[in-house]
Amino acid sequence: MQVVSGIDEGVGTAVAIGKFDGMHLGHEKLLKEIKAYRSEGLYSLVFTFEKPVADFFTGDQSGVLTTNDEKLALLEEAGIDYVYMMPVNKDTVSYEPEAFVREVLISRLHARVIAAGADLSFGDKGAGDMELLKRLSDAGSAKNRFKAVQIDKVMYEGEEISSTLVRDAVSIGNMERAGAMLGRSYFLHGEVVHGRKLGRTIGIPTANLIPAEDKLMPPFGVYHSRIRLDDGRSLKGITNIGVKPTVKNDKAVTAETHIFDFDEDIYGRKLEVSLCHFARREMKFEGMDELKEQMKEDIRRAL
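Residues numbered from 1 in each chain as written. Predicted model: local features only at pLDDT ≥ 70, side-chain atom pairs only at ≥ 80, totals over all residues. Heavy atoms only, no water.

1. Some remarks on the pairing of strand S5 (residues 111–117)
Working step 1: Burial runs high along S5: 6 of the 7 residues are buried.
Working step 2: Where strand S2 (residues 13–17) lies against S5, 4 bridges are found, and the strand directions are parallel. Residue pairing across strands places Ala 16 opposite Ala 115, the latter belonging to S5.
Working step 3: Strand direction decides the pairing type here: S5 and strand S8 (residues 147–151), joined by 5 bridges, are parallel. Each bridged residue has a counterpart across the sheet, and for Gly 117 the counterpart in S8 is Ile 151. (Buried < 20%, exposed > 50% of the residue type's maximum accessible area, 1.4 Å probe, protein only. Helix = DSSP H or I, 4+ residues; strand = E, 2+ residues; numbered from the N terminus. Pairing = 2+ DSSP bridges.)

2. Details of the packing of helix H4 (residues 97–108) against helix H5 (residues 130–139)
Working step 1: Where H4 contacts H5, the axes come no closer than 11 Å and their chain directions differ by 55°. Taken together, the axes of H4 and H5 are oblique relative to one another. Crossing hand, H4 versus H5: right-handed. Contacts from Pro 97, Glu 98 and Val 101 in H4 reach Leu 132, Leu 133 and Leu 136 in H5. (Axes fitted to C-alpha atoms, helices over the stretch in contact; angles between N-to-C directions. Parallel < 35°, antiparallel > 145°, perpendicular 65-115°, else oblique. Left-handed = near helix turned anticlockwise from the far one by under 90°. Contact = heavy atoms within 4.5 Å.)

3. Focus: the sheet that holds strand S15 (residues 254–259)
In any sheet, the strands associate via hydrogen bonds between backbone groups, in a parallel or an antiparallel arrangement.
Working step 1: Judged by pairing direction, the sheet is antiparallel, and its 6 strands sit side by side in the order S11-S16-S13-S14-S15-S12 without closing on themselves. In this open sheet, the two edge strands, each paired with only one partner strand, are strand S11 (186–191) and strand S12 (207–209). Between one strand axis and the next, the sheet turns by 35° as a mean value, whatever way the strands run.
Working step 2: Two strands pair when backbone bridges link them, and S12 and S15 are joined in this way by 3 bridges, in the antiparallel orientation.

4. Focus on unusual backbone geometry
Working step 1: Despite not being glycine, His 110 shows a phi value in the positive range, around 55°.
Working step 2: Position of His 110 among the secondary structure elements: in the loop between H4 and S5.
Working step 3: Its identity is not glycine, yet Glu 157 carries a phi of approximately 50°, on the positive side.
Working step 4: Structurally, Glu 157 is set in the loop between strand S9 (155–156) and strand S10 (159–160).

The structure is reproduced here in structure tokens:
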């Protein structure tokens with residue numbers, strides 16, 4: 001997979017447009033659609049954004065389900081050929097919709113098929129939609145003509161799956177519901193860093209990750225988790241997400257994972273931690289002995 005700023009002449013693409021935050025089952029359906037056009041000689045290309053467009057207007061950092069690194073890894077795993085990540089700035093958010101289709105999707109990315117959900121919006125003030133895209137597909141010259149494809153939503157328990165719905169589930173710690181809509185457990189990805197090594201002193205060593213600043217975090221507490229090492233091994237454990245109120249006073253958020261039946265040095269290596277079940281809220285204990293006993297109970301329950 002290549003992250004590109006444009007496509008070479010003579011290469012035709014089937015383009016999927018979307019935020020692709022979370023890479024949920026609806027997104028998977030969209031990706032499956034564009035990959036199907038390989039039989040017609042077209043390469044699959046995902047058009048997305050470097051950061052949430054809404055954050056540009058609000059000035060806030062709302063938190064993403066997948067960081068850019070995580071998103072790119074999932075797209076590569078899905079077998080996508082190209083990714084175009086549009087910068088989000090005053091120029092790109094004010095693109096006139098028809099010019100956006102003509103200059104970016106057709107001229108720069110050589111789109112011959114453009115697929116998106118029915119709720120598609122693009123261009124200045126979100127004025128572009130699926131109906132406009134369909135009209136433009138019929139009106140183009142032979143050289144610039146493309147096929148517009150509307151993808152129906154995927155349903156879960158009577159609701160349309162969306163990044164907002166997944167975000168709501170993660171925010172309250174309903175990891176099973178979030179996982180059902182994502183098609184996999186919600187995960188964190190990062191490099192194992194050195195901590196204070198207090199877990200090792202009580203016989204319960206942990207691998208520590210510092211979540212990305214823009215990553216949406218679930219409620220602080222203990223989670224039953226699955227761990228994938230960078231060598232492909234899959235293991236089980238428990239993960240505490242929070243600020244460690246028993247042993248420190250600063251507010252830095254960390255994800256500490258105790259991996260069952262594992263005692264290897266993995267500092268500096270990449271780790272993927274999937275949060276499968278929210279076991280309990282973060283607690284402050286009177287001392288290390290009380291913390292140790294609770295961690296033993298957390299492990300027993302997880303096992």
